[in-house]
Amino acid sequence: MSKDFLAPDGQLRCGWAGSVPEFLPYHDHEWGYPVADDQRLFEKICLESFQSGLSWRTILAKRENFRAAFAGFDWTLVARFGPQDVDRLLQDAGIIRHRGKIEAVINNARRAEEMVAAEGSLAAFFWSYEPGPDDQVPPQTASITPQSIALSKELKKRGWTFVGPTTCFAFMQAMGLVNDHATDCICRQKSAKARAAFTSPAVQQAG
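Everything quoted here is computed from the prediction, not taken from an experiment. (Residues numbered from 1 in each chain as written. Predicted model: local features only at pLDDT ≥ 70, side-chain atom pairs only at ≥ 80, totals over all residues. Heavy atoms only, no water.)

Student: Hey, could you run me through the nonpolar core in this one?
Tutor: Nonpolar side chains tend toward joint burial in soluble globular proteins. Formed by 55 residues in total, the largest nonpolar core has its most connected members in Phe 42 and Phe 70. The residues contacting Phe 70, other than those within four sequence positions of it, are Phe 50, Val 78, Phe 81, Leu 89, Ile 95, Ile 102 and Val 105. (Core = buried A, V, L, I, M, F, W, Y, C linked by side-chain atoms within 4.5 Å. Buried < 20%, exposed > 50% of the residue type's maximum accessible area, 1.4 Å probe, protein only. Contact = heavy atoms within 4.5 Å.)

Student: Looking at this structure, how should I read the environment of Val 116?
Tutor: Along the chain, the position of Val 116 falls in helix α7 (residues 99-119). Judged by relative accessible area, which is 25%, Val 116 ranks as partly exposed. Val 116 sits 78 residues away from Asp 38 along the chain, and the two C-alpha atoms are 9.3 Å apart. When neighbours within four sequence positions are excluded, Val 116 is seen to be in contact with Asp 38, Trp 75, Ser 121 and Leu 122. (Helix = DSSP H or I, 4+ residues; strand = E, 2+ residues; numbered from the N terminus.)

Student: Any chance you could explain the pattern of salt bridges here in plain terms?
Tutor: Think of it this way: side chains of opposite charge can pair up when their charged atoms draw near. Following the criterion strictly, the structure yields 14 salt bridges and no others. A salt bridge links Glu 22 to Arg 57, with the shortest nitrogen-to-oxygen separation between them at 2.7 Å. With Glu 22 in the loop between β2 (12-13) and α1 (23-29) and Arg 57 in helix α3 (residues 56-61), this pair connects stretches of sequence that are 35 residues apart. For Glu 22, a relative accessible area of 29% translates into the label partly exposed. By relative accessible area, Arg 57 is classed as partly exposed at 40%. (Salt bridge = Lys/Arg side-chain N within 4 Å of Asp/Glu carboxyl O.)

Student: What is the right way to look at the side chain of Asn 179 in this model?
Tutor: With respect to the secondary-structure elements, Asn 179 resides in the loop between α10 (165-174) and α11 (186-196). Classification of Asn 179 as buried rests on a relative accessible area of 11%. Not counting residues within four places of it along the chain, the set of residues in contact with Asn 179 comprises Arg 188, Ser 191, Ala 192 and Arg 195.

Student: I would appreciate a short explanation of the packing of helix α9 (residues 146-157) against α10 in the present structure.
Tutor: The description of two packed helices rests on the angle between their axes and on the distance between the axes. It is the contact of α9 with α10, at a shortest axis distance of 8 Å, that shows an interaxial angle of 115°. It follows from the interaxial angle that α9 and α10 lie roughly perpendicular. As α9 packs across α10, the resulting crossing turns out to be right-handed. For the pair formed by α9 and α10, the contact residues are Gln 147, Ser 148, Ile 149, Leu 151, Ser 152 and Leu 155 on the first element and Pro 165, Cys 168, Phe 169, Phe 171 and Met 172 on the second. Here the residues of the contact of α9 with α10 sort into 8 nonpolar, 3 polar and no charged. (Axes fitted to C-alpha atoms, helices over the stretch in contact; angles between N-to-C directions. Parallel < 35°, antiparallel > 145°, perpendicular 65-115°, else oblique. Left-handed = near helix turned anticlockwise from the far one by under 90°. Nonpolar A, V, L, I, M, F, W, Y, C, P; charged D, E, K, R; others polar.)

Student: Help me understand the packing of aromatic side chains in this model?
Tutor: Note on aromatic pairs: each is described by the distance of the centres and the angle between the planes. Enumeration according to the criterion identifies 16 aromatic pairs in this entry. With 5.7 Å between their ring centres and 70° between their planes, Trp 16 and Phe 23 make a pair best called edge-to-face. Judged by its relative accessible area of 15%, Trp 16 is buried. An angle of 55° between the planes, with centres 6.0 Å apart, marks the rings of Phe 50 and Phe 70 as tilted. Here Phe 70 lies in the loop between α4 (63-69) and α5 (75-78) and Phe 50 lies in helix α2 (residues 38-51), a separation of 20 residues in the sequence. For the pair formed by Phe 50 and Phe 70, the shared burial category is buried. Here the guanidinium or amino end of Lys 44 rests over the ring plane of Trp 56, the centre of that ring lying 3.5 Å away. Directly above the ring of Phe 81 sits Arg 88, whose terminal nitrogen or CZ lies 5.5 Å from the centroid. (Phe/Tyr/Trp six-rings, centres within 6.5 Å; stacked < 30°, edge-to-face > 60°. Lys NZ or Arg CZ within 6 Å of the ring centre and 35° of its normal.)

Student: Sorry, what's going on with the environment of Glu 103 here?
Tutor: Considering the arrangement of structural elements, one finds Glu 103 in helix α7. Take Glu 103: its relative accessible area is 37%, and that puts it in the partly exposed class. Along the sequence, Glu 103 and Leu 177 sit 74 residues apart, while their C-alpha atoms lie 27 Å from each other.

Student: When you look at α9 in this model, what are you seeing that I'm missing?
Tutor: An α-helical turn contains 3.6 residues, so a residue and the one three or four places further along point in the same direction. End to end, α9 covers 16 Å across 12 residues, agreeing with the expected 16 Å (1.5 Å per residue, within 8%). If you check which residues of α9 are buried, you get Gln 147, Ser 148, Leu 151, Ser 152, Glu 154 and Leu 155. Buried residues in α9, looked at end-on, bunch into an arc of 170°, giving them a common side. Opposite the buried face of α9, at more than 90 degrees from it, the exposed residues are Pro 146, Lys 153 and Lys 157. Buried positions along α9 lie against α7, α8 (122-127) and α10. A positive phi of about 95° marks Gly 159, the residue just after α9. (Expected span 1.5 Å × (residues − 1). Arc of directions from axis to C-beta.)

Shown next as structure tokens:
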């Protein structure tokens, strides 16, 4: 994959940001910036699960439909979904109608409730898997890392589904747990600055 793309503003971006028009605003304003909001974290891990075997373009195009279908990814509401909701969602042409992935979101909402009760927040749990300075990999050279493998293993141990190591690493990239912007991407320094100003919820909780 090309590591740079000359955007219309004359600045370099990650190569993937230029593959389709809708990727550029997502790349510039969302991808790689640290997120501590539990609902956004839950939404993203669910959408990454839906992406498994598909393209992110497909998921991004349907994101608002997913939000409408899954109660804005409020896991306390999604956890109450039952068989009738699964049937309803399987008829919803605005989302990916995959029974296993739909059921995984509902299951994972229930597991999220348990996690918040045990850990205090989803953010505290997820950010405890942020790689340390000595554990960073060169930008855009990996699809899984030891941390994403460990995160996947722990989520599965806690009963989460559709959360393999690749899915977990994509989640970590997008939510800013790692800065995986290409070295010459204009957003790499923006992401680094945001991460430097960000205090990990796991650190806050430990303090």
